[in-house]
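Structure assessment
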Amino acid sequence: MQAIVYKKYGSTSVLALKEVAAPIPKDNEVLIKIHATSVNSWDWDLLRGSPFVVRLAGGGLTKPRKPILGCDIAGKITVIGKNVKRFKPGDDVFGDISQYGWGGFAEYVCVPEKALIKKPVSITFEEAAAIPQAGVMALQGIRDYGKVAPGKKVLINGAGGGVGTFAIQLAKYYGAEVMAVDHTNKLDFMLSLGADHVIDYTQEDVTQKKLKYDFILDVVGHHSIFDYKRILKPKGIYSMVGGHTSLIFQSLCIGPLLSIIENKKMGILAHQPNKGLDFLLSLIDKKNVTPIIERCYSLKEVSEALEHIGEGRVKGKIIITP
């Protein structure tokens, strides 16, 4: 089979389209013919090995432990292991396989059956691949961590990307007033998704304004945790999804202390892969939430897709279709 492989950290120049042996499913695994894989900022981080915390978190200290990137997949099961009970050959499935070795930028992948759920016929493979990581992180942030409810004021920093586009729609579903922050070229786009207010981060610093929020979902943290503390209401909640290494360590080390002293909960969103996918599907079925796909790339165009992610200009998700 063909796959995009890399053996050292670096730019997209270290990626290569190669012919590799197709995986063979273990007793509890299924072999999937991949129809679509979404690209996440996590892929970009693991490609470069930066921020350094991605190496500490399992990426590999000196070289990649996962030679094939891509964790959000959708496809058709072709072979099942002898202990597989939930699926049969021919089933359409999708899920976040980040806990099981990645491998989505390829024609086939093997994963345990518990990493997958059935794809409804009402959504395409591309839409299914766009949901798992971004949709689940947004749901866990807005519903589970932020406890967003009617009348709450929510700030979403980096609201025009994968997690952010789901988060805007989910925050509005739960009745919040939403301030969305991103680049100039995404302002009208974020308003179209339901954001009540937008800020262009190239022109204004949201942490220097007088407005305060009940919940901040920070997808692309570029400020100090103390800046975010300043714009939180009493008993407010700050949840970091992604950002610079310094902010990651601030959120891990200083966040718990500030949570006690300031009566403001501050920390990192602990992502739980695939938790809540069924609920997201129900919202998508009712048209309360829509996966936003900017563009699809072929497998041989993975480098171009990753560079686009790295520029931070993607509106919603981009998809790889082998």
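Here's what I pulled together on the structure shown here. (Residues numbered from 1 in each chain as written. Predicted model: local features only at pLDDT ≥ 70, side-chain atom pairs only at ≥ 80, totals over all residues. Heavy atoms only, no water.)

**Focus on the packing of aromatic side chains**
One pass over the structure, following the stated rule, counts 3 aromatic pairs. Look at W42 and W102: their rings are 4.9 Å apart centre to centre, the planes differ by 80 degrees, and that puts the pair in the edge-to-face class. One end of the pair, W42, is in helix α1 (residues 41-48); the other, W102, is in the loop between β5 (92-96) and β6 (108-112), with 60 residues separating them in the sequence. Overall, W42 belongs to the partly exposed group, its relative accessible area being 32%. Using a relative accessible area of 3% as the deciding quantity, one classes W102 as buried. When the ring centre of Y108 is taken as reference, the NZ or CZ atom of K33 above it lies at 5.1 Å. When the ring centre of Y145 is taken as reference, the NZ or CZ atom of K265 above it lies at 4.4 Å. (Phe/Tyr/Trp six-rings, centres within 6.5 Å; stacked < 30°, edge-to-face > 60°. Helix = DSSP H or I, 4+ residues; strand = E, 2+ residues; numbered from the N terminus. Buried < 20%, exposed > 50% of the residue type's maximum accessible area, 1.4 Å probe, protein only. Lys NZ or Arg CZ within 6 Å of the ring centre and 35° of its normal.)

**A closer look at the pairing of strand β12 (residues 232-240)**
Bridge analysis of strand β11 (residues 213-218) against β12 gives 5 bridges, and the strand direction is parallel. When the bridges of β12 are listed, Y213 appears paired with L232. Crossover connection from β11 via helix α7 (residues 225-230) to parallel β12: handedness right-handed. (Pairing = 2+ DSSP bridges. Right-handed = clockwise from strand over helix to strand, strands pointing away.)

**Some details on α1**
Buried within α1 are the following residues: D43, W44, D45, L46 and L47. Residues of α1 that are buried make contact with β3 (29-39), α2 (53-59) and α11 (302-311). (Contact = heavy atoms within 4.5 Å.)

**A look at the packing of helix α4 (residues 132-145) against helix α10 (residues 277-285)**
Taken N-terminus to C-terminus, the directions of α4 and α10 make an angle of 95 degrees; their axes are 10 Å apart at the nearest point. Between α4 and α10, the angle falls in the class roughly perpendicular. Contact with α4, carried on its side by P132, G135, V136, L139 and R143, involves L277, F279 and L280 of α10 and no other residues of that element. The class makeup of the residues in the contact of α4 with α10 is 6 nonpolar, 1 polar and 1 charged. (Axes fitted to C-alpha atoms, helices over the stretch in contact; angles between N-to-C directions. Parallel < 35°, antiparallel > 145°, perpendicular 65-115°, else oblique. Nonpolar A, V, L, I, M, F, W, Y, C, P; charged D, E, K, R; others polar.)

**A few points about the pattern of salt bridges**
On inspection of all chains with the given rule, the structure shows 12 salt bridges. A salt bridge links K172 to D196; the shortest N-O distance between them is 2.9 Å. Of this pair, K172 sits in helix α5 (residues 162-173) while D196 sits in the loop between α6 (187-192) and β10 (197-200); the two residues are 24 residues apart in sequence, bridging distant segments of the chain. In this structure K172 comes out as partly exposed when scored by relative accessible area, which is 30%. For D196, a relative accessible area of 34% corresponds to the partly exposed category. Across the pair D214 and K233 runs a salt bridge, and its minimum N-O distance is 3.5 Å. You can see D214 sitting in strand β11 and its partner K233 sitting in strand β12, a full 19 residues away along the chain. For D214, a relative accessible area of 18% gives the class buried. (Salt bridge = Lys/Arg side-chain N within 4 Å of Asp/Glu carboxyl O.)

**Description of the sheet that holds strand β9 (residues 177-182)**
Reading across the sheet, the 6 strands line up as β10-β9-β8-β11-β12-β13 and stay open at both edges, with parallel pairing between neighbours. Lying at the two open borders of the sheet, with one neighbouring strand each, are β10 and β13 (265-268). For this sheet, the mean angle separating the axes of adjacent strands, direction not counted, is 15 degrees. Here strand β8 (residues 153-157) runs beside β9; their pairing, made up of 5 bridges, is parallel. Note that in β9 the partner of V154 across the bridge is V178. α4 contacts β8, β11, β12 and β13 of the sheet and is inclined by roughly 160 degrees relative to β11. On top of the sheet, α5 reaches β8, β9 and β11; it is set at about 165 degrees to β9, its chief contact.

**Observations regarding the environment of K119**
Position of K119 among the secondary structure elements: in the loop between β7 (117-118) and α3 (125-130). With 24 residues separating them along the chain, K119 and G95 place their C-alpha atoms 9.1 Å apart. Filtering out sequence-adjacent residues up to four positions away, K119 remains in contact with D92, V93, F94, T124, F125 and A128. Within polar-contact distance, the side chain of K119 engages the backbone oxygen of I123 at 2.7 Å. (Polar contact = N/O pair within 3.5 Å; in protein donor to acceptor, adjacent residues only side chain to side chain.)

**Some points on α5**
Within an α-helix, residues lying three or four positions from one another point in the same direction, as the helix has 3.6 residues per turn. With 12 residues, α5 ought to run about 16 Å at 1.5 Å a step, and its terminal C-alpha atoms sit 17 Å apart, in line with that. Among the 12 residues that make up α5, 10 are buried, leaving the element largely enclosed by the rest of the structure. Listed as buried for α5 are G162, V163, G164, T165, F166, A167, I168, Q169, L170 and A171. Once α5 ends, the next one or two residues include G175, with phi positive near 90 degrees. (Expected span 1.5 Å × (residues − 1).)

**With respect to the environment of A130**
Along the chain, A130 falls in helix α3. Between the C-alpha atoms of A130 and V39, which are 91 residues apart in sequence, the distance is 8.3 Å. Apart from residues lying up to four places away in sequence, A130 is in contact with S38, F166, P291, I293, K317 and I319.

**A short note on a nonpolar patch on the surface**
The grouping of F52, L56 and L61 at the surface amounts to a nonpolar patch, some 310 Å² of accessible area in total. Within the secondary structure layout, L56 lies in helix α2. (Patch = residues over 30% accessible without salt bridge, like charges linked within 9 Å, V, L, I, M, F, W, Y side chains within 5 Å. Areas by Shrake-Rupley, 256 points an atom, 1.4 Å probe, with all protein chains shown as cover.)

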